[in-house]
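Take a look at the letters that make up each chain.
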Protein chains: 2
Amino acid sequence: MNTTSIKVEGMTCGHCKSAVEGALGKLSGVGKAEVDLSANEVSVEYEEDKVTVEEMNEAIEDQGYDVVK
Amino acid sequence: MNTTSIKVEGMTCGHCKSAVEGALGKLSGVGKAEVDLSANEVSVEYEEDKVTVEEMNEAIEDQGYDVVK
């Protein structure tokens, strides 16, 4: 397992937290995703041979949030 | 149909808007509910012989928001 921290703009509430964590959790290869609302950040545990950071970014953006790259 | 405007604290995003509108829409006697996020307010059309403002307030609070009374 690898861990990465992705900066995300626009997450404001518990629903946003659930939307982002849920979208990441559906990706094959993602172990745990945890949003820190006050830090505008999501911490993700993943298997780098199964899923890329780019795929995670896309999953977040598909929920309507901006990833800070 | 009557119309009332309810002040609500804590609605921040589209998910919050959907949660509040959805909860009100499920009440029998509520016609249309529309959240204005920037005004922290929800406008509700309802039949006053079928549903009370108190019931609407409770439905909003059940979603985790504070009604300003």
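Everything here concerns the structure above.
About the criteria used
Residues numbered from 1 in each chain as written. Chains lettered and ligands numbered in written order. Predicted model: local features only at pLDDT ≥ 70, side-chain atom pairs only at ≥ 80, totals over all residues. Heavy atoms only, no water. Pairing = 2+ DSSP bridges. Helix = DSSP H or I, 4+ residues; strand = E, 2+ residues; numbered from the N terminus. Axes fitted to C-alpha atoms, helices over the stretch in contact; angles between N-to-C directions. Contact = heavy atoms within 4.5 Å. Buried area = accessible area lost by both parts, 1.4 Å probe. Salt bridge = Lys/Arg side-chain N within 4 Å of Asp/Glu carboxyl O. Polar contact = N/O pair within 3.5 Å; in protein donor to acceptor, adjacent residues only side chain to side chain. Nonpolar A, V, L, I, M, F, W, Y, C, P; charged D, E, K, R; others polar. Least-squares fit on C-alpha atoms with pLDDT ≥ 70 in both.

1. A few points about the sheet that holds strand β3 (residues 41–46) of chain A
All names here are of chain A.
Okay, step 1: What the four strands build is an open sheet, ordered β2-β3-β1-β4; its pairing is antiparallel. Looking along the sheet, the strands with just one partner apiece sit at the ends: β2 (30–36) and β4 (66–68). Adjacent strand axes in the sheet meet at a mean angle of 35°, parallel and antiparallel pairs treated alike.
Okay, step 2: Bridge count between strand β1 (residues 2–9) and β4: three bridges; the pairing is antiparallel.

2. Side note on the interface of chain A and chain B
Okay, step 1: Contacts between the two partners involve six residues from chain A and, on the opposite side, six residues from chain B.
Okay, step 2: Carbon and sulfur atoms make up 65% of the surface buried where chain A meets chain B, a total of about 410 Å² over both sides.
Okay, step 3: For the pair chain A and chain B, the number of links is zero salt bridges.
Okay, step 4: Applying the counting rule to chain A against chain B returns three residue pairs in polar contact (both at pLDDT 80 or more).
Okay, step 5: Residues of the side of chain A that touches chain B, tallied by class, amount to four nonpolar, two polar and no charged.

3. A word on unusual backbone geometry
Okay, step 1: Positive phi values are uncommon outside glycine, yet N40 of chain A reaches one of about 50°.
Okay, step 2: As for its placement among the helices and strands, N40 of chain A is situated in the loop between β2 and β3.

4. With respect to the sheet that holds strand β4 (residues 66–68) of chain B
Residue and element names in this part refer to chain B.
Okay, step 1: The strand order across the open sheet formed by four strands is β2-β3-β1-β4, and the pairing between neighbours is antiparallel. In this open sheet, the two strands that pair with only one neighbour each are β2 (30–36) and β4. For this sheet, the mean inter-axis angle between neighbouring strands, taken without regard to orientation, is 35°.
Okay, step 2: Contacts between helix α1 (residues 14–25) and the sheet are confined to β2 and β3 (41–46), with β2 contributing the most and set at about 165° to the helix.

5. Let's talk about the relation of the copies chain A and chain B
Both copies of the chain are tied together by a single rotation about an axis and a shift running along it.
Okay, step 1: Aligned on chain B, chain A shows an RMSD of 0.0 Å; the corresponding rotation is 180° and the shift along the axis is 0.0 Å. Here the symmetry operator amounts to a two-fold rotation axis.
Okay, step 2: When you check the interface residues of chain A against chain B, 100% turn up at the interface there too, and the contact is symmetric in its surfaces.

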